[in-house]
Each structure stands twice: as C-alpha cells, then as structure tokens.
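Structural characterization, general
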Amino acid sequence: MTIHPVRPNTALPSSQERPDTTAAYDSTWTEQPTTQPPDALERMMLPNGKIYVVLAVVLIIWVGLITLLVRTDRKIDRLERRLDDTGSENERE
C-alpha cells in the first residue's frame, strides 16, 4: 500500500471541505445551562443542612487518621533513637 502526501496547492473536492463548525460552538458557549431538578440525595441532604453534618464527620475522621499516623511516626522515631543509643552503649563496653 502506497501513501501519497497531499500537496498544499491541491484543493480538496467540495465534498471533503471542512464544515463551518463555529456556529455550533458559539451556541454552546452562549446558552445558559439548564438546571436539573435535584435528585433524591440532594433533596434529603441540602434543605435540612444534613450535608454539613456528613462533611463534618468525614473531616473528623480524616483529622483522626492523620493524627494517628503522626503520633505513630513520632513513637517509632523515639524507639529508633532509643535502640541506636543502647546499641552504641553496648559497642563501647
């Protein structure tokens, strides 16, 4: 199979010309999006402020996990330092 390059001077036949698509994009950007009715979860959570309770609980869980990781890391660091200190004392003797 041979592929021939298209020469820049050669015009494409009218059936292969590019259509004017700017009108379609213009209408897309100028039209305001239609608002959809809220689904069941939004109807239940938003009016009563329950969504904020859920977000607060999730935030508390994340803060707790991060605190747990930081405390565990500090404890491991202290244990490593203690092992290094006792190891160096044993080598001196």
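**Quick notes on the overall build of the chain**
In terms of helices and strands, the chain carries three helices and zero strands. Order of helices (α) and strands (β) in the chain, N terminus to C terminus: α-α-α. A burial count over the chain gives 1% of its 93 residues as buried. A total of about 9,700 Å² of accessible surface is found on the chain, and carbon and sulfur atoms cover 60% of it.

**A short note on the environment of Ile 51**
Mapped onto the elements of the fold, Ile 51 is located in helix α3 (residues 50–92). Residue class for Ile 51 comes out partly exposed when judged on its relative accessible area of 26%. The spatial distance from the C-alpha of Ile 51 to the C-alpha of Leu 41 is 9.5 Å, given a sequence separation of 10 residues. Sequence-distant contacts of Ile 51, that is, excluding residues within four places in its chain, are made with Met 45 and Leu 46.

**Let's talk about a nonpolar patch on the surface**
A cluster of nonpolar side chains, Val 53, Val 54, Val 57, Val 58, Ile 61, Trp 62, Leu 65, Ile 66, Leu 68 and Val 70, forms an exposed patch at the surface whose accessible area comes to about 890 Å². Residue position: Ile 61 is located in helix α3. On the basis of relative accessibility, which here comes to 48%, the residue Ile 61 falls in the partly exposed class.

**Observations concerning the confidence of the model for the chain**
When pLDDT is averaged across the chain, the result is 78; 63% of the residues are at 70 or more. Within the chain, the lowest mean pLDDT, 60, falls on helix α1 (residues 22–30), and the highest, 91, falls on α3.

**Remarks on a negative patch on the surface**
The grouping of Asp 73, Glu 80, Asp 84, Asp 85 and Glu 89 at the surface amounts to a negative patch. With respect to the secondary-structure elements, Glu 80 resides in helix α3.

Conventions adopted
- Each chain carries its own residue numbering, running from 1 in the written order of its sequence.
- With the structure being a predicted model, the display of local features is reserved for residues of pLDDT at least 70 and the display and counting of side-chain atom pairs for 80 or more, all residues being used for whole-chain, interface and lining totals.
- Side-chain measures here rest on the full set of heavy atoms in the structure, leaving out hydrogens and waters.
- Numbering of helices and strands runs from the N terminus, with a helix taken as a DSSP run of H or I at least four residues long and a strand as a DSSP run of E at least two residues long.
- Exposed residues in this analysis have more than 50% of their type's maximum accessible area, buried residues have under 20%, and partly exposed residues fall in between, with area computed by a 1.4 Å probe over protein chains only.
- Surface accessibility in these figures is a Shrake-Rupley result with a 1.4 Å probe; residues are shielded only by whichever protein chains are displayed.
- Contacts are residue-level and defined by heavy atoms, with any inter-residue pair within 4.5 Å sufficient.
- Patch membership needs two things, relative accessible area over 30% and no salt bridge, and members are linked within 9 Å if like-charged or within 5 Å if nonpolar (Val, Leu, Ile, Met, Phe, Trp, Tyr).
- Every case where a carboxyl oxygen of Asp or Glu lies within 4 Å of a side-chain nitrogen of Lys or Arg is listed as a salt bridge.
- Values of pLDDT, which run from 0 to 100, indicate the predictor's confidence residue by residue.
- Under the counting rule used here, the positive set is Lys and Arg, the negative set is Asp and Glu, and His together with the chain ends is not counted.
- Where a charge lies is defined by one atom per residue type: Lys uses NZ, Arg uses CZ, Asp uses CG and Glu uses CD.

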